[in-house]
Amino acid sequence: MSTQTQNRTTQNKETLRKATPRKETLRHPWQLVAHREISTKLRDKTFIGSTAFMLIIVMAAVIIPALIAGNNSPDKIAVLNDAGAKVVQTADAINGGDSYQVTRAADPAAAERMVVDGDVKAALLPGDNGYLVLGDDRVDTDLQNSLREAAVNLGMEQNAAQAGLTPEQLRANTQVQERLLNPGPLPEIVADFVNIGLALVFYMTALGFGMMIAQSVVQEKESRVVEILAAAVPIRALLWGKVIGNTVLALSQIVVIAAASLIGLLATDQADILEVLAPVAGWFVVFFVLGFVALAGLWAVAGSLATRQEDLGSTTLPGQMILMIPFFFSVFAGAEAKTVASFIPIASSMAMPGRMLTEDVPVWQPLLAILVLLVATVLIVRLGARLYERTLLQTGRRLGYREAIAIKAS
Amino acid sequence: MLSVAGLTRRFGDHLALDDVSFDVVPGRMTGFVGANGAGKTTTMRIILGVLAATSGEARWNGAPLTHEVRRDFGYMPEERGLYPKMKIRDQLVFFGRLHGMDSTRAAERTDKILGRLGLAERAGDVLETLSLGNQQRVQIAAALVHEPIALVLDEPFSGLDPLAVDAMVDLLRDEVTPEVPVLFSSHQLELVERLCDDLVVLSRGKVVAAGSVAELAAGPTATYRMVVDGDAGWLRDIAGIKVRDVAGATALFDVEAAGQEQQILQQALSRGAVLEFGPERVALSDVFREATR
């Protein structure tokens, strides 16, 4: 090719460009693909429906327990006289109010009847050298402790007054405060719950969006629109558009759900959980994005290997396994196995954030895990992109992964 | 100008294209004909870059086709397909933008083309709710929306009734500016003969004929047809002409030099009445059969 011809070509092209000045060079066709992916999903009733459903479930999980706890009307305690009533009122104050309510009984026999009939939770009767708590088959430990504390406080104040001491003098130098050097994260049961919850969020989101990515790819193959797309933009741009579009959608879905549960927690006065969750949230996002992107590349390949929706069952199987095995492992395995899992790519996205919540994890561990995950993500996405490029336009029949790796670039 | 040079493509042992070269001249419609499996779709897919050539290349104004140039092409693949669940207007705007238009311009063009196709009031409808004929129109619109600098259409008229074909041809004529080369493949030879300026005939992966439709139809030698009152068998004894066929009073023959036919005519008149005499236009289907034999 002579330089002259080259020049002419450029010139010709320039004149054509001038003739159609409306055309602008779009630098990132993947943005368009991502944009289409997002706007299509946002109009998809199934997607909106499932997001709303998840939102309701999460809100319910946050709010309903609080409502049940909060709705408890004060326990009624039967007393015979003002002294008893004062003890119950003090116990109520110790518990922050709305816990116990005074019910007057005429005599011990009446109080006993009220207890047996279930009209009151318990009865506080004058006893030898103090009080007697009367219960039916048992007395709640909380109630017992509160009443005991109240009775002791009141009694000691009275005794002190008789001895000429003010309540302040009485309590001088008896305050015991608490300071933790390594504030323990969460109560164990809550920790387990949050642990499983975090892994579940990743598992559900990666699986749900993964299937959507595979479906969206196979739809383009099935409807043959892929041929036009491939003629207009590089196939890699199609892949990146899909991966990025769906990652943005998945993260937004999580943010919306997180915001909803945040509002729920604040509204129901459970904000203290946040103090524990907040430092891990940033880590979770990093692990989530990297793990999600690596998987998204594989899901896209699962779609491009298939030729019809029905093929997805078999082509997405490896992706499902890659998610399911680490999920059950990171949820149910013992502490040491969990530690190992928290460094293995994909599994680490499910295990590490949970571990950081429930254990003291030195900061190098999540950093190392992220590094390993990052390397794995780059490798998986590169392999995925190559397989995707080679198989996307093969519309003849379903391909296997081994076959796809053997295909030469065409 | 769009051209392919020495295009060869193998699928395993099968040689699908064997050194295929031809030009698609700007402003002319080039018909691309050949039997099933001759390699038309393979050639078109290589031009659009969705399939790689084993050797040879597609060129634009003499230089190898780049992705940037291809992006301005309009393409209608053999296997039709758009997004079935996307609204047709959104869909066309998306394709316009994918081909490098800004959104305002893409929207303008979409509305104009939908109007021309009589689909303006269906703009907000989902593609799959349209009739197949209308879906085909949208498909053509998708190839035209970005004001392509070249058009490659694989069987654009298959499955359309004659009226729809006419509407589509009008659209092509109006929407395609004179500097745009158009290559389209078809099985319908009468249609190709009616629409095309140039013709490329492909057979088993090889170009067996290429040139303007007029040239190809005329053939290398002029053929004449004569009907006389009596028997025309005497033609066989005349030197310098090639008799293709004599059946009683009707004869078909080729002359080698211009003017020779006048001598034949005089001779025929001297023998009796001449009922018909004139050049025989060869139907394209005969050219096709001849070339692909």
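Residues numbered from 1 in each chain as written. Chains lettered and ligands numbered in written order. Predicted model: local features only at pLDDT ≥ 70, side-chain atom pairs only at ≥ 80, totals over all residues.

## Considerations on the overall build of chain B
Convention followed: Under the scheme used here, helices are H or I runs from DSSP no shorter than 4 residues and strands are E runs no shorter than 2 residues, and both carry numbers assigned from the N terminus. In this scheme every C-beta is placed from the backbone, and a residue whose C-beta has 20 or more other C-beta atoms within 10 Å is buried, one with 12 or fewer is exposed, and one in between is partly exposed. This entry defines residue contacts through backbone-placed C-beta atoms, with two residues in contact when those atoms are within 7 Å.
A tally of helices and strands in chain B yields 10 helices and 14 strands. For chain B, the spread of C-alpha atoms along the three principal axes comes to 75 × 45 × 30 Å. A total of 293 residues make up chain B; the buried ones form 42% of that total. Taking the intrachain contacts of chain B between residues at least 6 apart in sequence as the baseline, contacts between residues at least 24 apart amount to 67%.

## Here we look at helix α16 (residues 364-391) of chain A
All names here are of chain A. As a reminder of what qualifies: The span one expects for a helix is its residue count, reduced by one, times 1.5 Å.
Taking 1.5 Å of rise per residue, 28 residues should cover 40 Å, and α16 covers 40 Å from first to last C-alpha, within 8% of that figure. Residues of α16 that are buried: P366, A369, L373, T377, I380, V381, G384, L387, Y388, E389, R390 and T391. Buried positions along α16 lie against α10 (235-267), α11 (272-305), α15 (347-358) and α17 (401-406).

## Examining the packing of α11(A) against α15(A)
Residues and elements named next belong to chain A. The following threshold applies: Note on geometry: axes are lines fitted to C-alpha atoms, helical ones only across the stretch in contact, with angles between N-to-C directions running from 0 to 180 degrees. We call two directions roughly parallel when the angle between them is under 35 degrees, roughly antiparallel when it is over 145, roughly perpendicular when it lies between 65 and 115, and oblique otherwise. Put simply, Ala, Val, Leu, Ile, Met, Phe, Trp, Tyr, Cys and Pro go in the nonpolar bin, Asp, Glu, Lys and Arg in the charged bin, and everything else, Gly too, in the polar bin.
α15 packs onto α11 with a crossing angle of 170° between their chain directions and a minimal axis gap of 9 Å. Here α15 runs roughly antiparallel to α11, going by the angle between their axes. Touching V276, V280, W283, F284, F287, F288 and G291 of α11 are S348, S349, M352, P353, M356 and L357, all from α15. Taken together, the residues that form the contact of α11 with α15 break down as 10 nonpolar, 3 polar and no charged.

## Considering the sheet that holds strand β2 (residues 14-24) of chain B
Residue and element names in this part refer to chain B. The test is simple: Paired strands are those between which DSSP finds at least two bridges.
The antiparallel open sheet is built from 4 strands, whose spatial order is β2-β1-β4-β5. The strands lining the two open edges of the sheet, one partner per strand, are β2 and β5 (63-64). The pairing of strand β1 (residues 2-11) with strand β4 (residues 55-60) spans 5 bridges and is antiparallel. Along β4, the bridge assignment pairs V4 with A58. Across the sheet, helix α1 (residues 40-47) lies against β1, β2 and β4, angled at about 115° from β1, the strand it touches most.

## Observations concerning the confidence of the model for chain A
All names here are of chain A. Here is the rule we go by: pLDDT measures how confident the predictor is about each residue, on a scale from 0 to 100.
For chain A, per-residue confidence averages 81 on the pLDDT scale, and 88% of positions sit at 70 or higher. Element-level mean pLDDT values for chain A span from 42 in helix α1 (residues 3-19) up to 91 in α16. In the predicted structure, residues 1-25 sits below a pLDDT of 50 and forms 22 contacts with residues beyond four places in sequence or in another chain.

## So, the sheet that holds strand β4 (residues 130-134) of chain A
Residues and elements named next belong to chain A. Strand order in the open sheet made by the 4 strands is β2-β1-β3-β4, with mixed pairing throughout. Only two strands of the sheet have a single neighbouring strand rather than two, namely β2 (100-104) and β4. Within the sheet, the average angular offset between the axes of one strand and its neighbour, ignoring direction, is 30°. Pairing between strand β3 (residues 122-127) and β4: 5 bridges, direction antiparallel.

## Examining the domain arrangement of chain B
The condition that has to hold: Where a domain begins and ends is set by an automatic assignment or by a domain database.
The domain architecture assigned to chain B consists of domain 1 (2-217) and domain 2 (219-292). Just the C-alpha atoms count here: the centres of domain 1 of chain B and domain 2 of chain B sit 40 Å apart.

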